Amino acid sequence: MNPELFARLATLASSLVLLSGLAILWRHSLQAYIGAFARQSFLLVVATLVVAVSSGDRRLYLVAALIFAVKVVVIPRLLRRTQVHVAADLEIHPYVNTPASLLIAGALTLLAYVVAEPLVAIGALPTRGGIPLALAVVFLGLFIVISRRSALTQIIGFLVLENGIALLAVLATYGVPLIVELGVFLDVLLGVLVMQVFVYRIRETFDTIDVDRLRDLKH
Amino acid sequence: MSVNVVSILAQTALLLLLAPLLGGLIKNWKAKLQNRRGPRIWQPYHDLIKFLRKDMVISEHASWIFSFTPNVVFLTALSAGLMVPMVTAQAPLSLFGGVLALVGLIALGRFFLALSGLDTASAFGGMGSSREVTIAAIAEPAMMLAIFTVAITAGSTNLSRIVLAGQGPGSTLLDPSHALAFIAMFIVLLAETGRIPVDNPATHLELTMIHEAMLLEYSGRYLALLEWAAQMKFFLFLALLANLALPWGVAREPAPGALAVALGALLLKLAALAVAVVVLETRVAKLRLFRVPELLVVSFLLALLAVTSSFLVR
């Protein structure tokens, strides 16, 4: 493939990954969050495939298939089941309101561009233009975790963060060794399962999945 | 660059004549999509003629601002329209300013419209003015940022130069910054021209109206001017979006063949954007007023990302 076109496609796919993450800040329902996460993972698959096709690295096809299976199919399904089970749908009072969250996300993206500048400058791969975007997805995931109250949203924030790291790995180094990749997938899957159990327990104890209520444990 | 009288006259005629048609087309297509028969596409012309013939009723409490506003709004919309490259890449008034002048003219019109909403001291007028200004305060920076994205690539804030640069070899559609800027501008367009997620142009329901609330006190000739100006504003925004994002077909030289192609391309692009607006207005419900700033912040954010990625990565 023409390297310039390829670089553009990779950057386009990474910006779409970032955009689908930003959708989480703008929507209010957990169902929409889960949908946005599934879309983001799917776009991550697309980005991985673009890199795989152009670099000719066979391993990346496998990674893309794994991402698809784990993050597009299994985890969203698990999350949906949890959401139905705990009967929560709205992220009602986030710690930071929507317009402020969006502006902070914009500032974080700027920060990502500034921080990643040396990385982009020394990078030799044609995909280096997307590195700041991947870093921005990482920051965005962290921000979702700290600014939202619902335990489920925080899980989704963690998964967005993870997606950002995966995107960064693909763009910056054409993927990490397969054994590491497999370990990460297993980690994420188990992490989600464990967190799901936690969400059930929180819900049983407090009748809500608002983590703010966890303060009550102190008394 | 010179001021060409013929091109000014031609584009004025194009704006004045086609703007109501665009409004009529959108109303008609929207009705068709919703399984209604809908008004005929010529209806806006009939409405304008009817308004022009009617007598005016002006409140005795109205000051000079009330009668001054329709002229200002109409003329700013018209002259802003003459700054947008529509058929020829060289816009008739491009000599007088670029993007900043365009946004400034539109803001001037809005300022007077908001004043006249307050002028007669009707409760709805004031409410409409306050809402309009609230929305504009966020929509304007988003629009500037979005246009700056293309301006940075072109190296000039002159709209004609931007269009010419867009036709050059260095441009592509796949550039994420341009796609982001396009989406941001589209949201701004919906907000600035009072389309559905932000304002509903088809209703006079007190709770929701924004633009209509400011026009409530107007009748007759003044109402015709204001309606016509609103249609021109919509037309010029669509044309701006079409020609900045997809600058193909715009005539570089005023040769007859190129002009015909350019006119056809412009109409096609406008029709495509109009279809997008129609589908969106049918699919999406109007947002609660308090969620409108969120939508506009999204637009601002997209524009910011667009500028960042076109400015920092080079």
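In this text the structure is predicted, and so the values were computed from the model without any measurement. (Residues numbered from 1 in each chain as written. Chains lettered and ligands numbered in written order. Predicted model: local features only at pLDDT ≥ 70, side-chain atom pairs only at ≥ 80, totals over all residues.)

Structural notes on helix α7 (residues 178-206) of chain A
All names here are of chain A.
Then step 1. With 29 residues, α7 extends 41 Å from end C-alpha to end C-alpha; this agrees with the ideal 42 Å at 1.5 Å per step.
Then step 2. Within α7, the full set of buried residues consists of Glu181, Val192, Gln196, Val199 and Ile202.
Then step 3. Looking at the packing, one finds that the buried side of α7 touches α3 (58-86) and α6 (151-173).
Then step 4. Trailing α7 by a residue or two, aspartate 207 shows a phi angle of about 65°, which is positive. (Helix = DSSP H or I, 4+ residues; strand = E, 2+ residues; numbered from the N terminus. Expected span 1.5 Å × (residues − 1). Buried ≥ 20, exposed ≤ 12 C-beta atoms within 10 Å, placed from the backbone. Contact = placed C-beta atoms within 7 Å.)

As for the interface of chain A and chain B
Many descriptions give the size of an interface as the accessible area lost when the pieces come together.
Then step 1. Chain A puts 17 residues into the contact, and the matching count from chain B is 15 residues.
Then step 2. Among the elements of the structure, α1 (3-26) and α4 (98-122) of chain A are those that each provide at least two residues to the side of chain A that touches chain B.
Then step 3. The element that contributes the greatest number of residues to the side of chain A that touches chain B is α4(A), accounting for nine residues.
Then step 4. Here the side of chain A that touches chain B is built from residues that sort into 10 nonpolar, six polar and one charged. (Nonpolar A, V, L, I, M, F, W, Y, C, P; charged D, E, K, R; others polar.)

So, the environment of B:Ala191
Residue and element names in this part refer to chain B.
Then step 1. Its location among the elements puts alanine 191 in helix α7 (residues 176-192).
Then step 2. For the pair alanine 191 and leucine 296, spaced 105 residues apart in sequence, the C-alpha separation works out to 7.9 Å.
Then step 3. Leaving out residues up to four positions away in the same chain, alanine 191 has contacts with Ile135, Ala139, Val198 and Leu296.

Some details on the nonpolar core
The nonpolar side chains of soluble globular proteins are, as a tendency, buried together.
Residue and element names in this part refer to chain B.
Then step 1. Grouped together as the largest cluster of nonpolar side chains are 163 residues, with contacts concentrated most on Ala142, Ala146, Ala184, Leu296 and Ala303.
Then step 2. Residue contributions to this core peak at 19 residues, all from helix α9 (residues 220-245).
Then step 3. Contacts of alanine 146, omitting those with residues within four sequence positions, involve Ala181, Ala184, Met185, Val188, Ala303 and Ala306. (Core = buried A, V, L, I, M, F, W, Y, C linked by C-beta atoms within 7 Å.)

Looking at the packing of helix α5 (residues 123-154) of chain B against helix α6 (residues 159-167) of chain B
Residue and element names in this part refer to chain B.
Then step 1. Across the interface, α5 lies against α6 with an axial gap of 9 Å and an inter-helix angle of 65°. The way α5 lies across α6 gives a crossing that is left-handed. Two secondary-structure elements touch here, α5 through Val150, Ala151, Thr153 and Ala154 and α6 through Arg161, Ile162, Ala165 and Gly166. (Axes fitted to C-alpha atoms, helices over the stretch in contact; angles between N-to-C directions. Left-handed = near helix turned anticlockwise from the far one by under 90°.)

Points about the packing of helix α3 (residues 64-83) of chain B against helix α4 (residues 99-119) of chain B
All names here are of chain B.
Then step 1. At a minimum axis distance of 9 Å, the contact between α3 and α4 shows a crossing angle of 160°. For the element pair α3 / α4, the angle class is roughly antiparallel. Relative to α4, α3 is oriented so that their crossing is left-handed. Here Ile65, Phe66, Thr69, Val72, Val73, Thr76, Ala77, Ser79, Ala80 and Met83 of α3 lie close against α4, whose contacting residues are Ala101, Leu102, Leu105, Ile106, Leu108, Gly109, Phe112, Leu113, Leu115, Ser116 and Asp119.
Then step 2. Its residues assigned to classes, the contact of α3 with α4 shows 15 nonpolar, five polar and one charged. (Parallel < 35°, antiparallel > 145°, perpendicular 65-115°, else oblique.)

A few points about the confidence of the model for chain A
Then step 1. Summary statistics for chain A give a mean pLDDT of 88 and a share of 98% for residues scoring 70 or more.
Then step 2. By mean pLDDT, α1(A) is the weakest element of chain A at 86, and helix α5 (residues 131-147) of chain A is the strongest at 94. (pLDDT = per-residue confidence, 0-100.)

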